[in-house]
Amino acid sequence: MGDVAYPQGPRESKASLGAQLARYSGNGSRRASWYDSGVRYDNGSASGLDYAQLDAAGLFLATQGDGQGYARLTDYLSRDGNHEAALQYAFGKPSGQYGTAAGPGVNTLYCDYIQYYFGGY
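Let me begin by describing the structure that accompanies this report. (Residues numbered from 1 in each chain as written. Predicted model: local features only at pLDDT ≥ 70, side-chain atom pairs only at ≥ 80, totals over all residues. Heavy atoms only, no water.)

### Overview of the pattern of salt bridges
Under the definition given, this model contains 4 salt bridges. The salt bridge involving Arg72 is made with Asp66; its shortest N-O contact spans 3.1 Å. Of the charged contacts in the structure, one is a salt bridge between Asp112 and Lys93, with a shortest N-O distance of 2.7 Å. In this pair, Asp112 sits in helix α7 (residues 109–118) while Lys93 sits in the loop between α6 (83–91) and α7, placing the two residues 19 residues apart along the sequence. By relative accessible area, which is 26% here, Asp112 ends up partly exposed. (Salt bridge = Lys/Arg side-chain N within 4 Å of Asp/Glu carboxyl O. Helix = DSSP H or I, 4+ residues; strand = E, 2+ residues; numbered from the N terminus. Buried < 20%, exposed > 50% of the residue type's maximum accessible area, 1.4 Å probe, protein only.)

Here it is, written out as structure tokens:
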């Protein structure tokens, strides 16, 4: 997510990343968890959907809330390597990074990310 999240990285627009995500996911019909996309990326076996999702998740997180989420995230991670706890601390809700659940009763960052790019679940 670093290429999108940090100011020195190339920044694509929400529309551009959303179009890539829609293309590779079949307009949201195929979903992968953030965690699984990251694991495949680390293993050198990432799909087009994985690449699109990592960039799209980076922009989504960079634009959430008060704009200080990444600062809180890196601060927490520098003290404790627990990524889930850091995401919850930084953004105020569970990440949902291990699954693909979305819908009106789901209160996770992943669910918000689906809503952000697809306008629905």
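Moving on, there is more to tell.
### Focus on the packing of aromatic side chains
Scanning all chains against the criterion turns up 12 aromatic pairs. With a centroid separation of 5.9 Å and an interplanar angle of 85 degrees, the aromatic rings of Tyr41 and Tyr51 are classed as edge-to-face. Here Tyr41, found in helix α3 (residues 34–42), pairs with Tyr51, found in helix α4 (residues 48–62); they are 10 residues apart in sequence, far enough to count as distant. Judged by its relative accessible area of 45%, Tyr51 falls in the partly exposed class. (Phe/Tyr/Trp six-rings, centres within 6.5 Å; stacked < 30°, edge-to-face > 60°.)

### Observations concerning empty space enclosed by the protein
As enumerated under the stated definition, the model contains 1 cavity of 30 Å³ or more in all. Its boundaries defined by the atoms lining it, the largest cavity holds a volume of some 50 Å³. Forming the boundary of the largest cavity are Leu21, Ser25, Gly28, Arg30, Arg31, Ala32, Leu49, Gln53, Tyr110, Tyr113, Ile114 and Phe118. Broken down by secondary-structure element, the contributors of at least two residues to the lining of the largest cavity are α2 (14–25), α4 and α7. By residue number, the principal contributor to the lining of the largest cavity is α7, which donates 4 residues. Per-class residue counts for the lining of the largest cavity are 7 nonpolar, 3 polar and 2 charged. (1 Å grid on protein atoms, 1.4 Å probe; cavity = no way out; pocket = protein on both sides within 12 Å on 5 of 7 lines; lining within 4 Å. Points joined across faces, edges and corners; volume = space filled by probe spheres on them. Nonpolar A, V, L, I, M, F, W, Y, C, P; charged D, E, K, R; others polar.)

These values are about where atoms sit, not about what they do.
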